[in-house]
Amino acid sequence: MKEDTLPHAPSLNIHIYQSTFLHESRMLKITQSLVDGGVFDRVLIIARHDAELPLAESIDAKRSVRRISTWVPRRSGLLFKVLGTLEWLCRVMVVLLFQPVSCVNCHSLMVLPLGVVLKILRGKRLIYDTHELETETGNLRGLRKRLAKWTEWLCIRFVDETIVVGDGIAAWYQETYPKLSVHTVRNVPRSSRLRTADSSNDFRVQFQIPEQSVICLYQGVLGQGRGIRLLLEAFAELGDTHHLVLMGYGDLEDEIRVAASKHLNIHFHPAVPPQKLAGYTCFADVGICLIENMCLSYYFSMPNKLFEYIQAGIPVVASAFPEMSRVINSNNCGWTTPLDIESVVKTLEKIDLSAAREKHQSVLVARSELVWEQEEKVLLGIYRKPALVRSSEAAMDSIKQRAA
């Protein structure tokens, strides 16, 4: 057996995430890479059950999903949420105690304590695979934030490897926990080829947009923190030279429809299935990705849509935040802007069809590099390192020393 690989025996990799697991693209890419790379024989994804979804589902021959149901009803209110979460965690624990687990992946801070318990009881490898900066999100304040920070501080000493989605978040974790082994695996799409697009998806035809006007597309959740209201205000000033298409679903949909009824250059398009999204995106001239600085996690974010626009072959206007600016500027594939109405309007005014086309070649170069196949090499390298599983005793000693 080679020392730089995990022992090849019948092996099961568990991924735990408290969602219903419908469109978790990052987890699907990660698990496919792990089984295709021969790291694990099987992958089991533990999710939360919803009445409209099956309790068990097969993704393919090596990957499956098991959704865990609860007796506590899923209602609004803190008490129901806390009780429902605790019941779900207990049920997951019971299920996994009887599984021949080789490695556990926790995809959020909420499930990390469960991973620690499994590690203590079973002595298996524990991966903390965060999707954001877990303790610095917009919904954590006051006591909840202090509790989250304490939980992560307590649990992270048991973690063997930590995987994050950007270098800024990696630096934060490394500074906060100096002994932590941290790796960046960006959530970029798999490589794709530009295909002949379906002309029925052409925004210019659907919304009767003039040939000389620039089509700017926002795709994704239509909610707070995504610069939606800022965009509506900006395009109300810009007029017919620039048209905005907002495609998706969310709480701000009614507000967008009202704006579209008042301004001829603002258009609403319902959400489309993820597998069909690229067939629409390519009909835009520019992609819009204006994440607001509502928390540190947002400030360091690199949204999926940033890379989806690039994969579709269009340049991007993004928030002038460190991670997004690094992608845009190093690849010359778009523009960055401060998030005030004057700056956004000025940035968009200088983008005409000629300026968008000038970026096209750079975008094509970037789309060949910003692909999952490149991130996959980093991912497999993490798992193929010697399995230096951190002992529970050493982690407990570290906690006692820090507490003293």
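As the structure is a computational prediction, the values presented were derived from the model and not from experiment.

## What to know about the sheet that holds strand S11 (residues 266-270)
Note on sheets: strands pair through backbone hydrogen bonds, and any given pair is parallel or antiparallel. Taking strand neighbours across the sheet as the criterion, the six strands line up as S11-S10-S9-S12-S13-S14 in an open arrangement whose pairing is parallel. The sheet is open, and its two edges are formed by S11 and strand S14 (334-337), each paired on a single side. Strand-to-strand, the axes of this sheet are offset by a mean angle of 25°, without reference to chain direction. Inspection of the sheet shows strand S13 (residues 316-319) paired to S14 by four bridges, in the parallel sense. Following the sheet pairing, Ser319 is matched in S14 by Thr337.

## What to know about unusual backbone geometry
At Gln208, a position not held by glycine, the phi torsion is positive, near 55°. Turning to its location among the elements, Gln208 is positioned in the loop between helix H6 (203-206) and strand S9 (214-221). On the basis of relative accessibility, which here comes to 71%, the residue Gln208 falls in the exposed class. Of note, the phi angle at Asn332 is positive, near 50°, even though the residue is not glycine. Its location among the elements puts Asn332 in the loop between helix H12 (322-331) and S14. Under the relative-accessibility criterion, Asn332 is labelled partly exposed at 39%.

## Focus on a nonpolar patch on the surface
Judged by side-chain polarity, Val94, Leu97, Phe98, Val117, Ile120 and Leu121 come together as a nonpolar surface patch covering roughly 580 Å² of accessible area. Counting residues per element, the nonpolar patch draws most heavily on helix H3 (residues 112-122), at three residues. Its place among the elements puts Leu121 in helix H3. You can call Leu121 exposed: its relative accessible area is 53%.

## Describing the pattern of salt bridges
All told, the structure shown has 15 salt bridges when counted by the stated rule. Salt-bridge contacts for Glu87 lead to Arg91; the nearest nitrogen and oxygen are separated by 2.9 Å. One end of the pair, Glu87, and the other, Arg91, are both in helix H2 (residues 78-96), four residues apart, so they sit about a helical turn from each other. Across the pair Arg257 and Glu253 runs a salt bridge whose closest N-O atoms are separated by 3.1 Å. Of this pair, Arg257 and Glu253 are both found in helix H8 (residues 253-262), four residues apart, which corresponds to roughly one turn of the helix.

## Thoughts on helix H7 (residues 228-238)
Listing the buried residues of H7 in full gives Ile228, Leu230, Leu231, Leu232, Ala234, Phe235 and Leu238. Buried residues belonging to H7 abut S9, strand S10 (242-249), H8, S11, strand S12 (286-289) and helix H13 (341-349). Just downstream of H7, Gly239 is the residue with a positive phi angle, here 80°.

## Here's the deal with the pairing of strand S2 (residues 42-48)
Residues in a regular strand point their side chains to alternate faces of the sheet. With six of seven residues buried, S2 lies mostly within the body of the structure. Relative to S2, strand S1 (residues 12-16) is paired through five bridges, and the arrangement is parallel. Of the residues in S2, the one forming a bridge with Leu12 is Arg42. On the question of chirality, the crossover connecting S1 to the parallel S2 by way of helix H1 (residues 25-36) is right-handed.

## Looking at the environment of Asp60
Along the polypeptide, Asp60 turns up in the loop between strand S3 (56-58) and strand S4 (63-68). Overall, Asp60 belongs to the partly exposed group, its relative accessible area being 30%. Residues Asp60 and Gln32 lie 28 residues apart in sequence; the distance between their C-alpha atoms is 9.4 Å. Polar side-chain contacts of Asp60 include one of 2.8 Å to the backbone nitrogen of Arg63.

## Topic: the sheet that holds S3
Strands sit in the order S3-S4-S2-S1-S5-S6-S7-S8 across an open sheet of eight strands; the sheet is mixed. Edge positions in the sheet fall to S3 and strand S8 (182-184), since each of these pairs with one other strand and no more. Between one strand and the next, the sheet's axes are offset by a mean angle of 20°, whatever the strand orientation. For strand S5 (residues 103-106) and strand S6 (residues 125-129), the ladder comprises four bridges, and the chain directions are parallel. Counted as the bridge partner of Cys103 is Arg125 from S6. Set on the sheet, H3 makes contact with S1, S5 and S6; between it and S6 the angle comes to about 170°. In this fold helix H16 (residues 372-383) packs onto S5, S6, strand S7 (161-164) and S8, with an angle of close to 170° to the strand it touches most, S7.

Criteria and thresholds
- Residues numbered from 1 in each chain as written.
- Predicted model: local features only at pLDDT ≥ 70, side-chain atom pairs only at ≥ 80, totals over all residues.
- Heavy atoms only, no water.
- Pairing = 2+ DSSP bridges.
- Helix = DSSP H or I, 4+ residues; strand = E, 2+ residues; numbered from the N terminus.
- Axes fitted to C-alpha atoms, helices over the stretch in contact; angles between N-to-C directions.
- Buried < 20%, exposed > 50% of the residue type's maximum accessible area, 1.4 Å probe, protein only.
- Patch = residues over 30% accessible without salt bridge, like charges linked within 9 Å, V, L, I, M, F, W, Y side chains within 5 Å.
- Areas by Shrake-Rupley, 256 points an atom, 1.4 Å probe, with all protein chains shown as cover.
- Salt bridge = Lys/Arg side-chain N within 4 Å of Asp/Glu carboxyl O.
- Contact = heavy atoms within 4.5 Å.
- Right-handed = clockwise from strand over helix to strand, strands pointing away.
- Polar contact = N/O pair within 3.5 Å; in protein donor to acceptor, adjacent residues only side chain to side chain.

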